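# Commentary on secondary and tertiary structure
Listed below are the residues making up each chain.
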Amino acid sequence: MRKILILNGPNLNLLGKREPSVYGDRSFEDFFHELKEAYRDRAELEYFQSNVEGVLIDKIHEAGFASDGIVFNAGAYTHTSIALADAIRAVPAPVVEVHISNVHAREEYRRHSFLAPACKGCIAGFGLDSYRLAVEALLTPNP
Ligand code: DQA
């Protein structure tokens with residue numbers, strides 16, 4: 001069974017409470033419980049969240065050698081962090097960048113991602129379903 005880590009960065013612990021008009025009113029724990037159940041027979045899903053850049057780097061180093069893929073919402077670090085991009089490049093597991101909101105339809109500074117060139121692909125704008133689409137992508141054989 002494929003092991004996939006879902007990794008959330010800063011402020012995503014507040015999903016459900018944080019700017020619900022942008023990010024929805026559902027907690028990630030609630031969504032993750034449902035996702036894990038739905039994929040029970042196809043994947044072993046793990047979830048980790050941190051607000052600290054270095055902790056996210058440590059988790060990428062660990063899961064990047066021990067899992068089959070990482071679904072990563074780096075929050076605002078997406079737009080600032082060369083260190084996270086280097087961590088993604090340092091590990092063999094494919095990483096899919098995800099965003100709940102359509103970052104391209106928001107402020108100009110959200111349009112640039114330091115992570116995207118290091119990732120297998122990017123999914124943005126489908127609400128929490130972006131995470132499910134990323135898991136599907138990691139489970140689908142592709143070149
Ligand atoms: C986000 C988009 C980022 O620009 C923002 O800083 C976040 C959340 C998203 O999931 O839409 O924290 O990654």
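One can find the structure itself at the top, above this paragraph.
Residues numbered from 1 in each chain as written. Predicted model: local features only at pLDDT ≥ 70, side-chain atom pairs only at ≥ 80, totals over all residues. Heavy atoms only, no water.

Further remarks concern the overall build of the chain. Across its full length, the chain carries 5 helices and 5 strands. The C-alpha radius of gyration computed for the chain amounts to 14 Å, which stays within 12% of the reference 15 Å derived for 143 residues, consistent with globular compactness. Taken over the C-alpha atoms alone, the chain extends approximately 40 × 30 × 30 Å along its principal axes. Of all 143 residues assigned to the chain, the portion counted as buried reaches 45%. Sequence separation of at least 24 residues holds for 77% of the intrachain contacts in the chain that already meet a minimum separation of 6. Total accessible area on the chain stands at roughly 7,200 Å², and carbon and sulfur atoms take up 53% of it. When the 15 basic and 19 acidic side-chain charges of the chain are each reduced to a single mean position, those positions are 2 Å apart. (Helix = DSSP H or I, 4+ residues; strand = E, 2+ residues; numbered from the N terminus. Rg over C-alpha atoms; globule rule 2.2 N^0.38 Å. Buried < 20%, exposed > 50% of the residue type's maximum accessible area, 1.4 Å probe, protein only. Contact = heavy atoms within 4.5 Å. Areas by Shrake-Rupley, 256 points an atom, 1.4 Å probe, with all protein chains shown as cover. Lys, Arg positive; Asp, Glu negative; His and termini not counted. Charge placed at Lys NZ, Arg CZ, Asp CG, Glu CD.)

Glancing now at the site of the ligand. Taken together, Arg18, Tyr23, Asn73, Gly75, Ala76, His79, His99, Ile100, Ser101, Val103 and Arg110 make up the full set of residues near the ligand. Isoleucine 100 is positioned with one of its backbone polar atoms (N or O) 2.7 Å from an oxygen atom of the ligand. For the shell around the ligand, a count of residues per class yields 4 nonpolar, 5 polar and 2 charged. (Near = heavy atom within 4 Å. Polar contact = N/O pair within 3.5 Å; in protein donor to acceptor, adjacent residues only side chain to side chain. Nonpolar A, V, L, I, M, F, W, Y, C, P; charged D, E, K, R; others polar.)

For asparagine 11, which is not a glycine, the phi torsion comes out positive at approximately 75°. Examined against the element boundaries, asparagine 11 turns out to sit in the loop between β1 (2-8) and α1 (20-23). A positive phi angle, near 35°, is found at glutamate 19, a position not held by glycine. By the element assignment, glutamate 19 lies in the loop between β1 and α1.

This part takes up the pattern of salt bridges. Taken as a whole and assessed by the stated rule, the structure comprises 11 salt bridges. Salt-bridge contacts for lysine 59 lead to glutamate 46; the nearest nitrogen and oxygen are separated by 3.2 Å. With lysine 59 in helix α3 (residues 53-66) and glutamate 46 in strand β2 (residues 43-49), the pair connects residues that are 13 residues apart, well separated along the chain. A residue is classified by how much of its surface remains accessible, and lysine 59, at 9% relative accessible area, is buried. For glutamate 46, a relative accessible area of 37% corresponds to the partly exposed category. Of the charged contacts in the structure, one is a salt bridge between glutamate 108 and arginine 111, with a shortest N-O distance of 3.4 Å. You can call glutamate 108 exposed: its relative accessible area is 59%. (Salt bridge = Lys/Arg side-chain N within 4 Å of Asp/Glu carboxyl O.)

Right, let's talk about the pairing of strand β3 (residues 69-73) for a bit. Residues in a regular strand project their side chains so that they alternate between the two faces of the sheet. Counting buried residues along β3, 5 of its 5 residues qualify, which places the element largely inside the surrounding structure. Burial of the side chains of β3 extends over both faces: Gly69, Val71 and Asn73 are buried on one face and Ile70 and Phe72 on the other. Where β1 meets β3, 5 bridges bridge the pair, whose relative direction is parallel. Its bridge partner lying in β3, leucine 7 is registered against phenylalanine 72. Pairing geometry for β3 and strand β4 (residues 95-99), over 3 bridges, is parallel. Counterpart to phenylalanine 72 in the pairing with β4 is glutamate 97. A crossover links β3 with its parallel partner β4, the connecting element being helix α4 (residues 82-90), and its sense is right-handed. (Pairing = 2+ DSSP bridges. Right-handed = clockwise from strand over helix to strand, strands pointing away.)

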